[in-house]
Amino acid sequence: MARKFLVVGNWKSNGNVLEAMEIVNFLNQAQVPSQDVVEVVVGPKYECLLPVKTSLRPDFHVAAQKGGLESGGAFNGELSVKTLGCLGIQWVILKHAEVRQLVDKTNESAGDRFVHALSVGLKVVVCVGETLEQREAGSTMEDVTAQAIAIADKVSNWDNVVLAYEPLWATGTGKVPTPAQVQEVVHELRKWIEINISTEVAYKTRIIYGGSVNGANCKEFATLPDIDGLLVGAASLTPEFVDIITSAT
Ligand code: PEP
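Residues numbered from 1 in each chain as written. Predicted model: local features only at pLDDT ≥ 70, side-chain atom pairs only at ≥ 80, totals over all residues.

Visitor: I keep staring at the overall build of the protein and nothing clicks. Help me out?
Guide: Helix and strand counts for the protein come out as eleven helices and eight strands. Its C-alpha radius of gyration of 17 Å places the protein within 12% of the 18 Å reference for a compact globule of 249 residues. When burial is assessed residue by residue, the protein has 41% of its 249 residues classed as buried. Intrachain contacts of the protein at a sequence separation of at least 6 include 69% that bridge at least 24 residues. (Helix = DSSP H or I, 4+ residues; strand = E, 2+ residues; numbered from the N terminus. Rg over C-alpha atoms; globule rule 2.2 N^0.38 Å. Buried ≥ 20, exposed ≤ 12 C-beta atoms within 10 Å, placed from the backbone. Contact = placed C-beta atoms within 7 Å.)

Visitor: Sorry if this is basic, but what is going on with the site of the ligand here?
Guide: Neighbouring the ligand are 15 residues, the closest being N10, G210, S212, G233 and A234. Counted by class, the shell around the ligand contains five nonpolar, eight polar and two charged residues. (Near = placed C-beta within 6 Å. Nonpolar A, V, L, I, M, F, W, Y, C, P; charged D, E, K, R; others polar.)

Visitor: Would you take a moment to explain unusual backbone geometry for this structure?
Guide: Trans is the prevailing form of peptide bonds, just as negative phi is the prevailing case for residues other than glycine. The backbone of K12 sits at a positive phi, close to 50°, despite the residue not being glycine. One can find K12 in the loop between strand 1 (5–10) and helix 1 (17–29). The partly exposed category is assigned to K12, around which 16 C-beta atoms lie within 10 Å. The backbone of S212 shows a phi angle near 55°, a positive value even though the residue is not glycine. Within the fold, S212 resides in the loop between strand 7 (206–210) and helix 10 (218–222). With 21 C-beta atoms packed within 10 Å, S212 lands in the buried category.

Visitor: Would you take a moment to explain helix 5 (residues 111–119) for this structure?
Guide: Two residues of an α-helix separated by three or four positions point the same way, owing to the 3.6 residues in each turn. Listing the buried residues of helix 5 in full gives R113, F114, A117 and L118. Angular distribution of buried residues about the axis of helix 5 spans 125°; they occupy a single face of the element. Where helix 5 is buried, its residues contact helix 3 (81–86), strand 4 (91–94), strand 5 (123–128) and helix 7 (140–152). At the C-terminal side of helix 5, G121 shows a positive phi close to 85°. (Arc of directions from axis to C-beta.)

Visitor: Explain the packing of helix 7 against helix 8 (residues 179–196) to me, please; I cannot follow it from the model alone.
Guide: Relative placement of two packed helices is described by the angle separating their axes and the distance separating the axes. Their axes nearest at 11 Å, the elements helix 7 and helix 8 cross at an angle of 45°. On the basis of the axis angle, helix 7 is oblique to helix 8. Crossing hand, helix 7 versus helix 8: right-handed. For the pair helix 7 and helix 8, contact is made by T140, M141, V144, T145, A148 and A152 and by V185, E188, L189, W192 and N196, respectively. (Axes fitted to C-alpha atoms, helices over the stretch in contact; angles between N-to-C directions. Parallel < 35°, antiparallel > 145°, perpendicular 65-115°, else oblique. Left-handed = near helix turned anticlockwise from the far one by under 90°.)

Visitor: Explain the sheet that holds strand 6 (residues 161–165) here, please?
Guide: One key point about sheets: their strands pair by backbone hydrogen bonds, in either a parallel or an antiparallel sense. Taken together, eight strands build a closed barrel; the order of strands is 1-2-3-4-5-6-7-8 and the barrel is parallel. Between one strand and the next, the sheet's axes are offset by a mean angle of 25°, whatever the strand orientation. One ladder, built from two bridges, connects strand 3 (residues 60–64) with strand 4; its direction is parallel. Pairing of A64 across the sheet is with V92, part of strand 4. (Pairing = 2+ DSSP bridges.)

Visitor: In this structure, what is going on with helix 8? I would like to understand it.
Guide: Its 18 residues place the ends of helix 8 25 Å apart at the C-alpha level, agreeing with the 26 Å of an ideal helix rising 1.5 Å per residue. When helix 8 is considered as a whole, its buried residues turn out to be V182, V185, V186, L189 and I193. End-on view of helix 8: buried residues confined to an arc of 95°, all on one side of the axis. Residues of helix 8 that are exposed and point over 90 degrees away from its buried face: A180 and I195. Contacts from the buried residues of helix 8 go to helix 7, strand 6, helix 9 (199–204), strand 7 and helix 10. (Expected span 1.5 Å × (residues − 1).)

Laid out in structure tokens, this is it:
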């Protein structure tokens, strides 16, 4: 089965419920390819999850931007994966480049979150990517595969896992890598999966690209041979996102 193109809009902590509804309005009216061709997911911040989930067209899905705990308990402010299930949320984004840089810095720290999310049937977008210093030092693949190892150590079934290659230096910065730089890393990552996990997992696991994607540059990333979708931050808040959704077709 071919890997279905996936476009994820990560709204970060932007906006309020009214502003989220404005985005929902233009998405609900957008003419886009059918969900058999392109899968669309948007990730509002926590307080907008339920309003967005209840108003968004049913062929688009909603992701939480975190969700680590198995259930409840004395973990003030944390989101449990069971709560996400009750809200009808089917996706979660873990280890986002900005989270990796600012809050949750080690490769291993997402392990339990990952396991809990998969255990309740959530689909997980998990991000990997190098810093500018690592790229300049020539250790990009070493760093990306170290992050992949921390994920692979926790996953036995890859059906609900999407890897997002998000160079930290390109995420939220407006700095855009060349398509060749992206293709090189993603191709190597897929080869790594094939050698270290299995040919089947390498073939079926979607690897998407994120980092300063916009309406003008989306097509050149969307059409790279090893890219199965896009993870979009700033541009997912604007009608440009509709062009990005259609970029692979
Ligand atoms: C993101 O938030 O995942 C992202 C890639 O941000 P931006 O598109 O703004 O770089």
